[in-house]
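Now for the letters of each chain:
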Amino acid sequence: MRSLTKRPNRYHDHLAAAKAIAYLLILMGAIILVPLLLLAAPRYHAEISNVNWFIFPGVLSILAGFIIKFLTQGTRVRELRKFYGYIIVLELWIIAVVLGAVPFLMSREFNFTQAVFESMSGLTTTGFTLFPYEHAGHLQMLILYRSLLHLVGGVGLVLVLTTILNNAYGMQIFSAEGHTDRLTPSPLHSARTILLIYLGFIATGTIAFVILGMDWFDAINYAISAVATGGFSPHPDSLAHYHQVLSQGRAIGIDIVAMLLMLLGATNFMASMYFFKGRWRGFFRHIEVECTTILILLASPVVIADYMVHHLTATANQDVVSGLFLVVSTISTTGLTTVGNDLKALTFGLIPIFLLMMVGGHSDSTAGGIKSSRAAIAFHSIHWDIWSSLEPKRAIMSHQINRFGTKEDISDEECSQNSSYVLLYFLIIIAGATGLMFCGYDFKDSFVEFASALGTIGISIGVISRATPTPGLWIIIIGMLIARLEIYIFIFSFARIRRNIIDFYKENQIARRERRDREEARRKLRKELPRK
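Calculation notes
- Residues numbered from 1 in each chain as written.
- Predicted model: local features only at pLDDT ≥ 70, side-chain atom pairs only at ≥ 80, totals over all residues.
- Heavy atoms only, no water.
- pLDDT = per-residue confidence, 0-100.
- Helix = DSSP H or I, 4+ residues; strand = E, 2+ residues; numbered from the N terminus.
- Contact = heavy atoms within 4.5 Å.
- Buried < 20%, exposed > 50% of the residue type's maximum accessible area, 1.4 Å probe, protein only.
- Salt bridge = Lys/Arg side-chain N within 4 Å of Asp/Glu carboxyl O.
- Polar contact = N/O pair within 3.5 Å; in protein donor to acceptor, adjacent residues only side chain to side chain.
- Phe/Tyr/Trp six-rings, centres within 6.5 Å; stacked < 30°, edge-to-face > 60°.

1. Some remarks on the confidence of the model for the protein chain
Next up, step 1: Per-residue pLDDT for the protein chain has a mean of 84; in total, 87% of the residues score no lower than 70.
Next up, step 2: Within the protein chain, helix α8 (residues 168-176) has the poorest average pLDDT of any element, 49, and helix α4 (residues 102-106) the best, 96.
Next up, step 3: pLDDT under 50 marks residues 1-8. Its contacts with residues more than four places away, or in other chains, come to 11 contacts.
Next up, step 4: In this model residues 167-171 is a low-confidence stretch, pLDDT under 50, and it forms 16 contacts with partners more than four residues away in sequence or in other chains.

Written out as structure tokens, the structure reads:
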């Protein structure tokens, strides 16, 4: 084993993957076992019959993780081959999704595809659901488990694992998952700081919800869902449930707290640090904060007007709050709602909502979408191109944007890469929507639904239900995975896989050539021996 640490090779990379998978299995096993804590409360004793859904997969996962950890102990991994970190990240997410689907499958409320769908939606913090709410009364552990998938998936599986893998290799896969945030000089300390901020937001949100009238179980679930920008809800009508059981003042208070939590979850963690440290200029002059603020200000009046014109809620005040809530829920890619099926009821307000679906939240946050940083650079690029066409050739315009209050130059290469990403994003939406149309859905519903999946938003226009055909579910499953890991992880992963296949083919050719040469040498030797 010691030879594996001397220089990077294919076995070195496989060893790295095995070590990461070991910790993932232990982590997922622990997450699967957590819902069993509900049995400590007398009101949940009736769910004792459901413990097998969690005990068997949880214990077996932890056991498998410790076995792999034991087999790989005494070895160290410091450096991975180019792009192999992306393959490890992809492997970790696929294993986590399949393992996360086991409790859903064991409940017999989901078939295999539906269980994978629910698990993928939870871990990618999308919020699409096939949950049988008609049986929710005896599925409370499963409801909490869905929220725990949001919890671990919100900041990224690898970020959580990085806090355990305290070495350079751990930080390589941390970067490969798309994290560029450095809150402190130490990358490892940055990962742990992000985790603490994240959990702090959830704890604060839980307390606020309880004060406003939620019971502690709902408060925990909604706080996780809002901060993780996930969208899973203990109720089929999401937060609209509280507009029926609480006073209007308390229900609107819950909506406001949820909006704040969603915005916190969708904000770049570095920007959040600037805000809480009182560095206001760095926060408000950050390009992503500016972009999100402008989009909310532009979209809200249109959506609120749609609510008021069609009287989607009981009062004008509630129309205003619910319209703003939908805008915030969409741009933060959360998917919580305060009205039954918002998207189906909208008319002209659906246009800004669709655009917000594609933009999404900030980079290095729990949100999905193109990300507001890329959207802002794309808008700036259009401005720069138009300006350069109109101005004299001698005029020179600097391409700069504000990042945390500091002007930074944007190169032509960065603008080109940004435009390529946005174009790829649109092409994937077209491909996914086309697939849904082949499943029998109309043009508008297919595009809005897949845009919601690719933005990890989870607000459905009506395509996703327990009656959705299996091919349609798998199209959305793939879209959610692409959205959470971002497009380049797949490109780089396939580039590494292609390189591995080419290397394997070349090595086989060399081995066959060497065998032929040895056989030829033996034949010549046998021919010469009789003569001698």
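Resuming the write-up.
2. Quick word on unusual backbone geometry
Next up, step 1: Although it is not a glycine, threonine 229 sits at a positive phi angle of roughly 50°.
Next up, step 2: For threonine 229, the position within the fold is in the loop between α10 (216-227) and α11 (242-245).
Next up, step 3: Not every positive phi belongs to a glycine, and threonine 333 is a case in point at roughly 60°.
Next up, step 4: Relative to the assigned elements, threonine 333 resides in the loop between α16 (316-331) and α17 (342-345).
Next up, step 5: For threonine 333, a relative accessible area of 0% corresponds to the buried category.

3. Comments concerning the pattern of salt bridges
Side chains that differ in charge, positive against negative, can pair when their charged atoms come close.
Next up, step 1: This structure, assessed with the given rule, holds six salt bridges.
Next up, step 2: In this structure, glutamate 408 engages arginine 403 in a salt bridge whose closest nitrogen and oxygen atoms are separated by 2.9 Å.
Next up, step 3: With relative accessibility at 23%, the residue arginine 403 sits in the partly exposed group.
Next up, step 4: With a closest N to O distance of 3.1 Å, arginine 522 and glutamate 519 form a salt bridge. Placement of the pair is arginine 522 and glutamate 519 together in helix α23 (residues 487-531), with a separation of three residues, close to one helical turn.
Next up, step 5: Look at glutamate 519 and you get partly exposed, because its relative accessible area is 37%.
Next up, step 6: Through salt bridges with shared partners, a single ionic network connects Arg403, Glu408 and Glu414.

4. A few points about helix α13 (residues 269-276)
Next up, step 1: In terms of burial, α13 is largely enclosed, as six of its eight residues are buried.
Next up, step 2: Among the residues of α13, the N-terminal cap falls to asparagine 268, whose side-chain oxygen and the backbone nitrogen of methionine 270 are separated by 2.7 Å.
Next up, step 3: Phi turns positive, to about 80°, at glycine 278, one or two residues after α13.

5. Brief notes about the packing of aromatic side chains
Next up, step 1: All told, the structure shown has 18 aromatic pairs when counted by the stated rule.
Next up, step 2: Seen from their ring centres, phenylalanine 110 and phenylalanine 131 are 6.5 Å apart, and the 50° between their planes marks the pair as tilted. You can see phenylalanine 110 sitting in the loop between α4 and α5 (112-123) and its partner phenylalanine 131 sitting in the loop between α5 and α6 (140-154), a full 21 residues away along the chain. With respect to burial, phenylalanine 110 and phenylalanine 131 carry one shared label: buried.
Next up, step 3: When the ring of phenylalanine 117 is compared with that of phenylalanine 128, the centres are 6.4 Å apart and the planes differ by 35°; the resulting orientation is tilted. With phenylalanine 117 in helix α5 and phenylalanine 128 in the loop between α5 and α6, this residue pair connects regions lying 11 residues apart in the sequence. An identical accessibility class is assigned to phenylalanine 117 and phenylalanine 128; each is buried.

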